[in-house]
Amino acid sequence: MRILAPLAAIAVLAAPAPLAARKAELAIPAGTVSEAAIAIARATNASIVIADPALGRQRVPAIRGRMDAEGAVKTLARASRMQAVKAGPNAWRLVAAPPRRASVMARPRPVRTAAAPATPAPLPEAEGPPIIVTATKRDLAFSEVAAQVTLLDGAVLERGGVGGTEKIMQRAATVSSTYLGSGRNKLFIRGIADSSFTGPTQATVGQYFGDLRLSYNAPDPDLRLSDMERVEILEGPQGTLYGAGSLGGIIRLVPRAPEAGETSLVVSGGASLLAGGEPGGDVHATLNLPLAGETATLRANLDVASLGGYIDKPAIGRSDVNRTGIVSGRAALRVEIAPDWRADVIVLGQDTQADDSQYADRNGANLVSSAQVTEGSRAQYGQAQLVVSGRIGDVRIKSSTGIGAQDLTERYDATTPGGGSPRLFSQRNETRMIANETRLWQPVGDRFGWVLGTSVIDNRNTLTRALGLAGEPPAASTGVENTVFEITGYGEASYRIFPALTLAAGLRVTNVELGGEGENVPLQIALAGRAVTAERRETAYLPSASLLADIGTQGRAYVRYQEGFRPGGLAVSGDFVRQFRSDHARTVELGGGWGLPGRGDFDLAASVSYTRWRDIQADFIDDGGLPSTANIGNGTILAASVSGSVRLAPGLRAEAGATLNDSDVDEPVFVALARLSRIPNIAKFSGRAGLAWRRDFDNGLRIEADGWVSYVGKSRLGIGPELGELQGDYLDSGAIIRFGRDNAGLTLTVTNLAGSEGNRFALGTPFSTGREQITPLQPRTIRIGFDTRF
């Protein structure tokens, strides 16, 4: 049922009778249009309504100065490229401004006005709200970040149906992954990759939901990217701000926050057909509901998807075996506890169940696996967060506390190649984590900005294994438990030496306490190896420094130094466990760019980096055919990336990106491994190109089209001769068309336009000696969907 328009709008402040207008000294921090409107309304006794909730989510710079309601509202309208329409005595509506071409804002600044009654000075024109990179932890504008940053808009990621991490990889050439299946993969950024398996090593990419990491040493949970404000990707080591497990970079999911005063419901869904496979379907819903006026607001999401299978297993008489079911949900409660202070309670969870594996035989029939058992997996993830944020004067404070759990159960065909009874290997990876991060910061003003923070993480990971004949109770094999307690202090500051030159430096000090034990190990062996499992401590110092130069009004160039590390741990070794050491990466990067991404006539960003990686941790296949972990040696990585876009015509924009990686690994220190020449799982070249078109009609209808094509070059599967297979060298593509209005539309999506088989990943089971494998692309898929807002 359609909700009345006044309720669907963001009613920021309404009074039964308008009070007298008054001037006020405003000091409103950078934030969303809705947040700024609330602050103006409270300070000036005004009534402000934002007609479209989507416009209220735009970000605007700080507003400061003494002004009345009219001056403040018009200042906000200029900052957000909206129009202020007077609706009554001291009452205003903010509506979308007519589209017009404008120059890109080079660097947003707080809006200042004099104490005189004059109208505030106009802001520089912009094509949209300022871009604030929240992953910097101190609200730096995009042009103030001395690093390669990729920003993916949440609405764009939802086009064609809600998806997971594959949506990020479709639009970011520097992000790659293994392809064991949803909830089982490892992610890599900028050529820093270790291995194909998810063992006790910590990931090389830090994944965050808001300010808290999703996991410590567990695979990508592949959360549904629904109702996201955006996804932020920082390339290269981020040790100073993010600590362990960010050698390659970080991926930060920024969810849409509850919107005070808005009652709305968004529903979308679709049905899909796979060439030669089973049909699928998906549905999504988001509810925003005020619970106590503007004091408390609830926002809840639900996603359900059934992804059709397309792999056949004639040995067990089944076809299209790899159907995957996903149920995901999230709820966020925001409470305004005091002026400038709020608390958010966030709960999220996802259950992903794959009926069987998604790999096929390299030299067999198309999309056919000769595996003799039912494999598959189940990945369950849950996290709860309490976030308290506010400000004291110009200093902002944010404290995030969370508890997370991740369970992954996997089954592999362990049948001896060439004959023998079918065997099944099962593995369960259980992770429990408690974390807190508290930080204080002051955004860069005219000259100086800083951040200081602390972080505490308590993580426990247990890996258990079993092997036996299919259909019979399996026998437990050696497993391992790793515990990590990490306490950290960090800080970073930047100083504008000259108007066009900014120097930044930072340091992180982390103390890690490591422990653990073998699982299902005979008592005599455990006692003999007590020295191996004894607790031990490590301290890491992670400095950073950068120099950023402004070039003209829209250009920038920078040089940056950064470090990252991963603590050591315990890995399975035959009937017991062994230690592996921490690894450490140091990176020097030179980069720059022009304009803001997706705005103006064109934009461009490029970087070149050199990384020295010592004591690389990696997983490999041991003599018993099982995955294990060791420090394999030292390596160097030379990486280059470029991305940009150009406006070809009104409503038509082309974009492209590419990455080049060249790596070298020294002689491994572990004698069981063969000599290495390159880092595994990273293609020497990858690239993508896209084209976006939009046409608006006078009656409010709109048609949008988005097409893309990507290429992934050749890479090596893993470490050692058993994992020496080549993979990659394939082309992928897709197109999305939407027709409708802002509040309702129909979509047509086609992926894998060329029907390519490809080979995304050359591994399905580690027990594969003598049986080469590939992980093909999902066949051409057509989806018809809808979306609507009430």
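Read on for a plain summary of the structure. (Residues numbered from 1 in each chain as written. Predicted model: local features only at pLDDT ≥ 70, side-chain atom pairs only at ≥ 80, totals over all residues. Heavy atoms only, no water.)

## Looking at the nonpolar core
Under the convention used in this document: Only buried Ala, Val, Leu, Ile, Met, Phe, Trp, Tyr and Cys residues count toward a nonpolar core, and they belong to the same one when joined by side-chain atoms within 4.5 Å. Throughout, exposure labels follow a simple rule: accessible area from a 1.4 Å probe, protein chains only, divided by the maximum for the residue type, with under 20% read as buried, over 50% as exposed, and the rest as partly exposed. Elements are defined by DSSP. Helices are runs of H or I of four residues or more, strands are runs of E of two residues or more, and each kind is numbered from the N terminus. Between two residues, a contact is recorded if the distance between any of their heavy atoms is within 4.5 Å.
Membership of the largest hydrophobic core comes to 37 residues, with the highest contact counts inside it found for Ile-168, Val-175, Phe-209, Val-231, Ile-233, Ile-251 and Leu-253. Of all the secondary structure elements, the ones that give two or more residues to this core are helix H6 (165-171), strand E13 (187-189), strand E14 (205-209), strand E16 (228-235), strand E17 (249-255) and strand E22 (341-354). With three residues, the top contributor of residues to this core is E16. Leave out the neighbours within four places in its chain, and Ile-251 touches Ile-168, Val-175, Leu-187, Ile-189, Val-205, Gly-206, Gln-207, Tyr-208, Val-231, Glu-232 and Ile-233. One finds Ala-37, Val-60, Ile-63 and Ala-77 within the second-largest nonpolar core, a separate group that totals 24 residues.

## What about the packing of aromatic side chains?
The condition that has to hold: Centres within 6.5 Å make a pair out of two Phe, Tyr or Trp rings, where for Trp the six-membered ring is used; the pair is then stacked when the planes are under 30 degrees apart, edge-to-face when over 60, and tilted otherwise. Whether a charge lies above a ring is judged from NZ of Lys or CZ of Arg, which has to be within 6 Å of the ring centre and within 35 degrees of the ring normal.
Applying the stated criterion across every chain yields a total of three aromatic pairs. Ring geometry for Tyr-208 versus Tyr-242: centroids 4.8 Å apart, planes at 65°, classification edge-to-face. Of this pair, Tyr-208 sits in strand E14 while Tyr-242 sits in helix H7 (residues 239-242), placing them 34 residues apart in sequence. Per residue, the accessibility class of Tyr-208 equals that of Tyr-242, and both read buried. Sitting above the plane of the Tyr-242 ring, Lys-137 keeps its charged end 4.3 Å from the centroid. Over the aromatic face of Trp-441 sits the side chain of Arg-439, whose NZ or CZ is 4.5 Å from the ring centroid.

## Concerning the sheet that holds strand E15 (residues 212-213)
Filter applied, for reference: Note on pairing: DSSP must find at least two bridges between two strands before they are called paired.
Ordered in space as E11-E16-E17-E14-E15, the five strands form an open sheet in which the pairing is mixed. Looking at strand neighbours, the two that pair on one side only are strand E11 (149-153) and E15, the edges of this open sheet. In the sheet, E14 pairs with E17 via five bridges, with the strands oriented parallel. Residue Gln-207 lies in a different strand from E17, and its bridge partner there is Ile-251.

The quantities given are spatial measurements derived from coordinates; they are silent on function.
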